[in-house]
Amino acid sequence: MSLKVQNTATRSLQEFEPLKAGAVSVYACGPTIYNHAHIGNFRTFLFFDLVHRYLEWSGYDVRFVMNLTDVDDKVIEAAAAAGVSVTEHTDPFGEIFLADTATLGIRAVDSYPRATAYIEPMVAFIVRLIEGGHAYAADDGAVYFSIESFPGYGKLKGIDTSTLRVGARVAHDEYEKEDARDFALWKAATEEDERVGAAWDSPWGRGRPGWHLECSVMSTAELGETIDMHLGGEDLVFPHHENEIAQSEAATGVPFVRYWMHVKHLFVEGKKMSKSLGNFITVRELLDEGYDPASIRHQLISSHYRGELNFTREGLKASSSAVQRILNFEARMEAVETDEGAAPSPLLELAEAALAGFRAAMDNDFNSADALASVFVLVSGVNGALEGRPALRAIDRDAVLTVLHSMDQVLGLLEVAHVARAVDDDLAGYVEQKIQERADARANKDFATSDAIRNELAAKGIVLEDGAGGTRWKVMG
Ligand SMILES: [Zn+2]
């Protein structure tokens, strides 16, 4: 019984052995905060969360770092279009991103480094690469990585480097496998870069880092030269992660990452979705449509991260029922009568079997689909065993609840559902109080106050309806 992970680098399922027994370092490529993250991004971020939670659940001392990209080609373009600096543009999106992750129950990680805070270490890293003969300053004011100088180039994606043109260069952050060539570590500042505050001094003049360099430098600075796990969406395998390996291993001479793991693209309503196609939906849109965070979380973890997942609103309704079933089960178990004289039941065995199934599923390359199935094996097994049993021994009831809550420490569904419900209760309490204040104002013919209260609620999207039975309220979608 031990954790196995599918390593992109070796294309095989491998037993997981961290560099230091009992401790795990993880670096995950987070969002570029130039826009709202979409639901496809959140499939990836929820997988990061499952890894984070399950490693901790398994007893590892985990250090988990996720970067927020706040300067790259896309950020600069978006900031320039908005007429603000890159920091003014990215700060609010960073806030929104962290709020969305909290809504979906994604645990905070240890550090969220931003590229703009690492300019000096990036410059030092480039100097080291130039000194080692792995990079060169070109006549366009940029510094390029020489892929010819790194024989392992192409090993992650499986690129035949014999076909590459020596010395050919690419300055863009993103490009296709067919365009593999020397890539920019540092780019000379353009007028636009200067205008949006994305230019810094360097030995090669004013400029800014290339996107790929950012992760190599922040990973090394925060976690050391060799890390255990590096996670990301499958679209990052090339060129981003291939380039990270080249930069890091050329600079340090030691392996950069022990296990690479990549999450498959999400389909939405049957279609591939991406920011560049412009057909993305956000967490906020789904919440505004009335879907709850636990259902969104459930659907996004309901499939193994390397398997196909088609996110649909129909599917969200099914997820909502699944979450409700777990909530009902928890409530039923908490309400069940206990009696020390009750007959022995098979609940202890059912609980142990469910936990073993859950652990085996998660150990098998974080298979959350099978792990969720173990929860429902417990629910149906126990529900069946409860038929005709008016009371349970406390030890049996507690075993079931303990296992249910233990599994939820990883899956996070009850956790998110309870938080969302508490928020709803708070809202209801607030609105009821305002309705009472408004009724008092009206009774005193203080219509200015009563109108002000109605407007205050309307500004929060809450509409009042006065009727014969009193005032009712609803939240506008
Ligand atoms: Zn990255």
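Residues numbered from 1 in each chain as written. Predicted model: local features only at pLDDT ≥ 70, side-chain atom pairs only at ≥ 80, totals over all residues.

This part covers the overall build of the chain. For the chain, the count of helices and strands is 15 helices and 18 strands. Each of the three principal axes of the chain carries a C-alpha extent, and together these read 80 × 65 × 35 Å. Put simply, the chain has 477 residues, and 40% of those count as buried. Contacts in the chain between residues far apart in sequence, at least 24 positions, make up 74% of those at least 6 positions apart. (Helix = DSSP H or I, 4+ residues; strand = E, 2+ residues; numbered from the N terminus. Buried ≥ 20, exposed ≤ 12 C-beta atoms within 10 Å, placed from the backbone. Contact = placed C-beta atoms within 7 Å.)

We now examine the sheet that holds strand S14 (residues 310–311). Pairing is mixed in the open sheet, where three strands are placed in the order S13-S12-S14. At either margin of the open sheet sits one strand with a lone partner, and together these are strand S13 (271–272) and S14. The pairing of strand S12 (residues 267–268) with S13 spans two bridges and is antiparallel. By the bridge assignment, valine 268 is partnered in S13 with lysine 271. (Pairing = 2+ DSSP bridges.)

On to the domain arrangement of the chain, then. Per the domain assignment, the segments making up the chain are domain 1 (4–263), domain 2 (283–411) and domain 3 (424–475). For domain 1 versus domain 3, the distance between C-alpha centres works out to 50 Å. (Domains from an automatic or database assignment.)

So, about the pairing of strand S11 (residues 257–263). Counting buried residues in S11 gives seven out of seven residues, a clear majority hidden from the surface. As paired strands, strand S10 (residues 227–233) and S11 are joined by six bridges and run parallel to one another. Pairing of methionine 229 across the sheet is with tyrosine 259, part of S11.

With respect to the helices, strands and loops of the structure, valine 410 is situated in helix H13 (residues 394–411). Expressed as a C-alpha distance, the spacing of valine 410 and aspartate 179, which sit 231 residues apart in the sequence, is 41 Å. Sequence-distant contacts of valine 410, defined by excluding residues within four places in its chain, comprise Leu50, Arg53, Tyr54, Trp57 and Met362.

Moving on to unusual backbone geometry. Residues phenylalanine 238 and proline 239 are joined by a peptide bond in cis, for which omega reads -5°. Positive phi, normally seen in glycine, also occurs at phenylalanine 366, with a value near 55°. Within the secondary structure, phenylalanine 366 is located in the loop between helix H11 (347–363) and helix H12 (368–386). Residue phenylalanine 366 is classed as buried on the basis of its 24 C-beta neighbours within 10 Å.

For the rest of this paragraph, the subject is the packing of helix H6 (residues 211–223) against helix H7 (residues 237–252). Describing two packed helices takes the angle between their axes plus the distance from one axis to the other. Orientation of H6 relative to H7, taken along the N-to-C sense of each, is 55°, at an axis distance of 8 Å. In terms of axis orientation, H6 runs oblique to H7. Once H6 is placed against H7, the crossing between them reads as right-handed. Two secondary-structure elements touch here, H6 through His212, Leu213, Cys215, Ser216 and Thr220 and H7 through Pro239, His240, Asn243, Glu244, Gln247 and Ser248. Across the contact of H6 with H7, the residue classes break down as three nonpolar, seven polar and one charged. (Axes fitted to C-alpha atoms, helices over the stretch in contact; angles between N-to-C directions. Parallel < 35°, antiparallel > 145°, perpendicular 65-115°, else oblique. Left-handed = near helix turned anticlockwise from the far one by under 90°. Nonpolar A, V, L, I, M, F, W, Y, C, P; charged D, E, K, R; others polar.)

This part is about H13. Residues spaced three or four apart along an α-helix point in a common direction, a consequence of the helix completing one turn every 3.6 residues. When the terminal C-alpha atoms of H13 are compared, their 25 Å separation across 18 residues agrees well with the 26 Å that a helix rising 1.5 Å per residue should span. Every buried residue of H13 is listed here: Asp396, Arg397, Ala399, Val400, Val403, Leu404, Met407, Val410 and Leu411. Seen from one end, H13 has its buried residues packed into an arc of 160°, which puts them on one side. Across from the buried face of H13, at angles greater than 90 degrees, the exposed residues are Thr402 and His405. Positive phi shows up at glycine 412, right after H13, with a value of about 70°. (Expected span 1.5 Å × (residues − 1). Arc of directions from axis to C-beta.)

Position of aspartate 235 among the secondary structure elements: in the loop between S10 and H7. Note on aspartate 235: 15 C-beta atoms within 10 Å, which makes it partly exposed. When the C-alpha positions of aspartate 235 and lysine 264 are compared, they lie 8.3 Å apart, and in sequence the two are 29 residues distant.

Turning our attention to the sheet that holds strand S4 (residues 61–66). As a general point, the strands of a sheet are linked pairwise by backbone hydrogen bonds and lie either parallel or antiparallel. Within the open sheet, the four strands sit side by side as S4-S3-S10-S11. Their pairing is parallel. Single-partner strands in this sheet number two, and they are S4 and S11. Sheet twist, expressed as the mean angle between neighbouring strand axes with direction ignored, is 20°.

With 13 residues, helix H4 (residues 119–131) ought to run about 18 Å at 1.5 Å a step, and its terminal C-alpha atoms sit 19 Å apart, in line with that. Those residues of H4 that are buried lie in contact with strand S5 (135–137), strand S6 (143–145), strand S8 (182–188), strand S9 (207–209), H6 and H7. Of the residues trailing H4, glycine 133 is marked for its positive phi of about 80°.

The residue arginine 206 is located in the loop between helix H5 (191–195) and S9 in this model. Those residues in contact with arginine 206 that sit more than four places away from it in its chain are Ala189, Ala199 and Asp201.

With that out of the way, let us pick up the packing of H4 against H7. Contact geometry of H4 with H7 gives a least axis separation of 9 Å together with a crossing angle of 65°. One finds that H4 runs roughly perpendicular with respect to H7. H7 is crossed by H4, and the crossing has left-handed handedness. Facing H4, whose interface residues are Phe125, Arg128 and Leu129, H7 presents Gln247, Ala250 and Ala251. Looking at side-chain class alone, the contact of H4 with H7 contains four nonpolar, one polar and one charged residues.

Let's shift gears to the nonpolar core. Ranked by internal contacts, the top residues of the largest apolar core, which has 110 residues, are Val26, Leu46, Val51, Ile126, Leu185 and Leu378. Counting residues per element, this core draws most heavily on helix H1 (residues 39–57), at nine residues. Looking at which domains feed residues into this core, each of domain 1 (4–263) and domain 2 (283–411) supplies at least three. Beyond its immediate stretch of four places on either side in the chain, leucine 185 contacts Ile126, Leu129, Ala135, Val143, Tyr144, Phe145, Gly210 and Leu213. (Core = buried A, V, L, I, M, F, W, Y, C linked by C-beta atoms within 7 Å.)

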